[in-house]
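Below, each chain spelled out in residue letters.
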2 protein chains.
Amino acid sequence: MKSIDKHNKIILSATKVFAKKGFFNARISDIAKEAKVADGTIYLYFNNKFDILISVLEEEIGKIIEQIKRAIENEPDAKTMLEIFVTKHLSAMKNNKHLAEVIHMELRQSDRLVKEYRNNTFRSYINLISEIIQRGQEQKIFRQDIAPGIAKRAFFGALDEVTRVWTDANVTHYTLEETTEQILALFRSGLLASPAAGKN
Amino acid sequence: MKSIDKHNKIILSATKVFAKKGFFNARISDIAKEAKVADGTIYLYFNNKFDILISVLEEEIGKIIEQIKRAIENEPDAKTMLEIFVTKHLSAMKNNKHLAEVIHMELRQSDRLVKEYRNNTFRSYINLISEIIQRGQEQKIFRQDIAPGIAKRAFFGALDEVTRVWTDANVTHYTLEETTEQILALFRSGLLASPAAGKN
DNA sequence: GGTAAATGAATGAATGTCCATTCATTCTCG
DNA sequence: CGAGAATGAATGGACATTCATTCATTTACC
């Protein structure tokens with residue numbers, strides 16, 4: 001029987017290989033070797049190479065998105081929601097560096113199919129951020145003059161780029177906790193020293 | 001004589017084709033056709049396909065980096081420096097969408113040669129941001145508890161992601177001015193409404 | 001000035017390689 | 001034993017790169 005195990009093994013191997021070489025430089029035979037199956041076996045589980053990439057994105061990112069959504073949806077306070085979002089996002093990426101790298105690379109493809117993917121599953125993820133911001137504005141704890149539609153991108157972009165260094169081999173200069181703290185500090189209160197107001 | 005004109009024409013055509021199809025899907029014949037030269041002519045000006053990509057990155061991004069560096073270096077006030085940086089970066093990307101798209105895609109490649117490029121020219125660009133932040137901290141106008149090494153990435157990531165929508169075909173929801181304002185507002189003072197302090 | 005030789009930029013068809021995908025065959029296990 | 005799973009060698013198409021040839025322009029010489 002075609003096992004779900006083998007399906008997952010191929011997904012994981014593909015994630016690893018895509019992360020290392022990028023989609024176009026990854027050979028099916030690389031993925032097959034990594035998963036310890038024959039080249040042809042791949043095609044018993046996936047239609048083609050591109051289908052593997054989309055499956056990686058859908059299944060692996062999908063899990064993370066669902067997890068964060070659930071953690072957030074019952075939280076009343078927008079400030080806490082934001083904190084949960086940052087914490088979960090950063091730790092998910094830290095715990096799955098191969099996936100993080102695939103996201104960095106492949107989500108920026110100009111390929112039509114990838115763009116379509118981005119317009120669905122992924123869009124709803126980023127929109128989580130603007131929903132949180134709007135909530136905070138309704139609760140009067142976030143500034144009214146910030147446009148959630150711009151801020152959501154700035155926020156996601158910041159998280160994503162901060163994460164990118166973690167995949168850059170070498171040293172990790174900052175810990176997960178430190179990074180989380182810093183991002184939150186920055187987006188809560190900004191860079192300016194405020195002589196009048198107390199600290200956050 | 002091999003003309004510098006033709007070199008530039010190929011660079012511009014390649015930028016356009018890379019932006020549309022991505023490096024790996026772009027064919028040399030596409031670039032040649034766009035530049036209205038024969039396939040073989042490309043090889044009189046560049047060593048190989050990859051060399052074209054690196055030249056695009058070096059020459060085109062290089063210009064922008066130099067321009068911003070010069071605009072900033074004689075400015076005494078860190079807050080103004082940051083403003084100049086955002087303004088110049090965003091307008092440069094807005095004015096050269098093909099290039100912006102190539103940056104988004106290709107700078108995230110895992111290819112060794114691209115990484116090497118990123119580690120030189122590009123690194124110094126991002127470090128401009130942390131230098132500005134440090135300056136601001138010395139001048140006591142930026143908070144001391146922000147780590148410039150993290151903030152620089154958050155900042156660049158935000159700018160980069162905000163820019164990405166501009167290349168996503170369709171509608172541009174926000175103007176250049178509006179986006180610039182919002183990013184500055186966000187990074188200066190953050191999301192939190194401050195009951196105590198006056199507005200920025 | 002005018003003719004002939006030399007130059008080298010430009011061309012694009014031909015080549016060779018690479019690799020996704022297929023499929024005839026073998027294996028596995030109920 | 002048989003059906004489905006797995007294999008991996010073979011196929012075919014795509015495309016980067018090469019290179020023999022063309023031809024416009026420049027140089028050399030009378």
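Residues numbered from 1 in each chain as written. Chains lettered and ligands numbered in written order. Predicted model: local features only at pLDDT ≥ 70, side-chain atom pairs only at ≥ 80, totals over all residues. Heavy atoms only, no water.

## Brief notes about the overall build of chain A
Here comes step 1: For chain A, the count of helices and strands is nine helices and zero strands.
Here comes step 2: Counting helices and strands in the order they occur from the N terminus, chain A gives α-α-α-α-α-α-α-α-α.
Here comes step 3: Expressed along its principal axes, the backbone C-alpha trace of chain A runs to roughly 65 × 35 × 30 Å.
Here comes step 4: Looking at chain A as a whole, 55% of its 200 residues are labelled buried.
Here comes step 5: Long-range pairs, those at least 24 residues apart, make up 68% of the contacts in chain A with a sequence separation of at least 6.
Here comes step 6: Accessible surface for chain A amounts to roughly 9200 Å². Of this, 50% is attributable to carbon and sulfur atoms. (Helix = DSSP H or I, 4+ residues; strand = E, 2+ residues; numbered from the N terminus. Buried < 20%, exposed > 50% of the residue type's maximum accessible area, 1.4 Å probe, protein only. Contact = heavy atoms within 4.5 Å. Areas by Shrake-Rupley, 256 points an atom, 1.4 Å probe, with all protein chains shown as cover.)

## What to know about the protein's contact with DNA strand D
Here comes step 1: Around DNA strand D, 15 residues are found, and the nearest of them are Lys6(A), Ala38(A), Thr41(A), Ile28(B) and Tyr43(B).
Here comes step 2: Of all DNA strand D atoms lying within 4 Å of any protein atom, the proportion belonging to sugar or phosphate reaches 74%.
Here comes step 3: Side-chain polar atom of Thr41(A) to a phosphate oxygen of DNA strand D: 2.4 Å apart, as the coordinates give it.
Here comes step 4: Examining the composition of the surface near DNA strand D, we find that four residues originate from one element, helix H3 (residues 39–45) of chain A, more than from any other.
Here comes step 5: The residue inventory of the surface near DNA strand D, partitioned by class, reads eight nonpolar, three polar and four charged. (Near = heavy atom within 4 Å. Polar contact = N/O pair within 3.5 Å; in protein donor to acceptor, adjacent residues only side chain to side chain. Nonpolar A, V, L, I, M, F, W, Y, C, P; charged D, E, K, R; others polar.)

## Structural notes on the nonpolar core
Here comes step 1: Counting 140 residues, the largest nonpolar core has Phe18(A), Ile42(A), Phe85(A), Phe18(B), Ile42(B) and Phe85(B) as its most contacted members.
Here comes step 2: Those residues in contact with Phe18(B) that lie beyond four places of it in its chain are Phe23(B), Ala26(B), Ile31(B), Ile52(B), Leu53(B), Val102(B) and Met105(B). (Core = buried A, V, L, I, M, F, W, Y, C linked by side-chain atoms within 4.5 Å.)

## Focus: the side chain of Asp160(B)
Residues and elements named next belong to chain B.
Here comes step 1: Among the secondary structure elements, Asp-160 is positioned in helix H8 (residues 148–164).
Here comes step 2: Look at Asp-160 and you get buried, because its relative accessible area is 3%.
Here comes step 3: Looking at Asp-160, its side chain comes within polar contact range of the side chain of Arg-108, at 2.7 Å.
Here comes step 4: In contact with Asp-160, not counting residues within four places along its chain, are Ile-103, His-104 and Arg-108.

## Quick notes on the protein's contact with DNA strand C
Here comes step 1: Near DNA strand C you find 16 residues, and of these Ile28(A), Tyr43(A), Lys6(B), Ala38(B) and Thr41(B) are the closest.
Here comes step 2: When atoms of DNA strand C within 4 Å of the protein are sorted by moiety, sugar and phosphate together comprise 75%.
Here comes step 3: Backbone polar atom of Ala26(A) to a phosphate oxygen of DNA strand C: 3.2 Å apart, as the coordinates give it.
Here comes step 4: Thr41(B) places a side-chain nitrogen or oxygen 2.4 Å from a phosphate oxygen of DNA strand C.
Here comes step 5: Of all the secondary-structure elements, those providing two or more residues to the surface near DNA strand C are H3 of chain A together with helix H3 (39–45) of chain B.

## Section: the packing of aromatic side chains
Two numbers describe a pair of aromatic rings. These are the distance of the centres and the angle of the planes.
Here comes step 1: Evaluated as defined, the whole model comprises 19 aromatic pairs over all chains.
Here comes step 2: An aromatic cluster is present here, built from Phe85(A), Phe122(A), Tyr125(A), Phe155(A), Phe156(A), Phe187(A), Phe85(B), Phe122(B), Tyr125(B), Phe155(B), Phe156(B) and Phe187(B) joined pairwise through their rings.
Here comes step 3: The ring of Trp166(A) has Lys94(A) sitting right over it, with the charged end atom 4.5 Å from the ring centre.
Here comes step 4: A cation over an aromatic ring shows up here: Lys49(B) above the ring of Phe23(B), its NZ or CZ 4.7 Å from the ring centre. (Phe/Tyr/Trp six-rings, centres within 6.5 Å; stacked < 30°, edge-to-face > 60°. Lys NZ or Arg CZ within 6 Å of the ring centre and 35° of its normal.)

## Considering the interface of chain A and chain B
Here comes step 1: Taken together, the 57 residues of chain A in the interface contact 57 residues of chain B.
Here comes step 2: Around 5100 Å² of area is buried between chain A and chain B when both sides are counted, 62% of it from carbon and sulfur atoms.
Here comes step 3: Contact with chain B buries surface across chain A, with Arg108(A), Leu191(A) and Leu192(A) losing the most and accounting together for 15% of the total.
Here comes step 4: Counting the contacts that link chain A with chain B gives two salt bridges. (Buried area = accessible area lost by both parts, 1.4 Å probe. Salt bridge = Lys/Arg side-chain N within 4 Å of Asp/Glu carboxyl O.)

## Considering helix H9 (residues 176–189) of chain B
Residues and elements named next belong to chain B.
Here comes step 1: Relative to the 20 Å expected for 14 residues at 1.5 Å per residue, H9 spans 20 Å between its end C-alpha atoms, a close match to the ideal helical length.
Here comes step 2: Counting buried positions along H9 gives ten out of 14 residues, so the element sits mostly inside the fold.
Here comes step 3: Every buried residue of H9 is listed here: Leu-176, Thr-179, Thr-180, Gln-182, Ile-183, Leu-184, Ala-185, Leu-186, Phe-187 and Arg-188.
Here comes step 4: Just beyond H9, the residue with positive phi is Gly-190, at close to 80°. (Expected span 1.5 Å × (residues − 1).)

## Remarks on the relation of the copies chain A and chain B
Here comes step 1: After a rotation of 180° and a shift along the axis of 0.0 Å, chain A superposes on chain B with an RMSD of 0.1 Å. Put plainly, the chains are arranged around a two-fold axis.
Here comes step 2: Interface overlap between copies: 100% of the residues of chain A at the interface are likewise at the interface in chain B, consistent with a symmetric, same-surface contact. (Least-squares fit on C-alpha atoms with pLDDT ≥ 70 in both.)

## Description of the pattern of salt bridges
Here comes step 1: Counted by the stated rule, this structure contains 18 salt bridges over all chains.
Here comes step 2: A salt bridge links Lys21(A) to Asp30(A), with the nearest nitrogen and oxygen atoms 3.1 Å apart.
Here comes step 3: Across the salt bridge formed by Arg164(B) and Glu161(B), the nearest N and O atoms sit 2.8 Å from each other. In this pair, Arg164(B) and Glu161(B) both sit in helix H8, three residues apart, roughly one turn of the helix.

## Here we look at the environment of Ser55(A)
Here comes step 1: Structurally, Ser55(A) is set in helix H4 (residues 49–73).
Here comes step 2: Placed 41 residues apart in sequence, Ser55(A) and Ala14(A) show a C-alpha to C-alpha distance of 9.8 Å.

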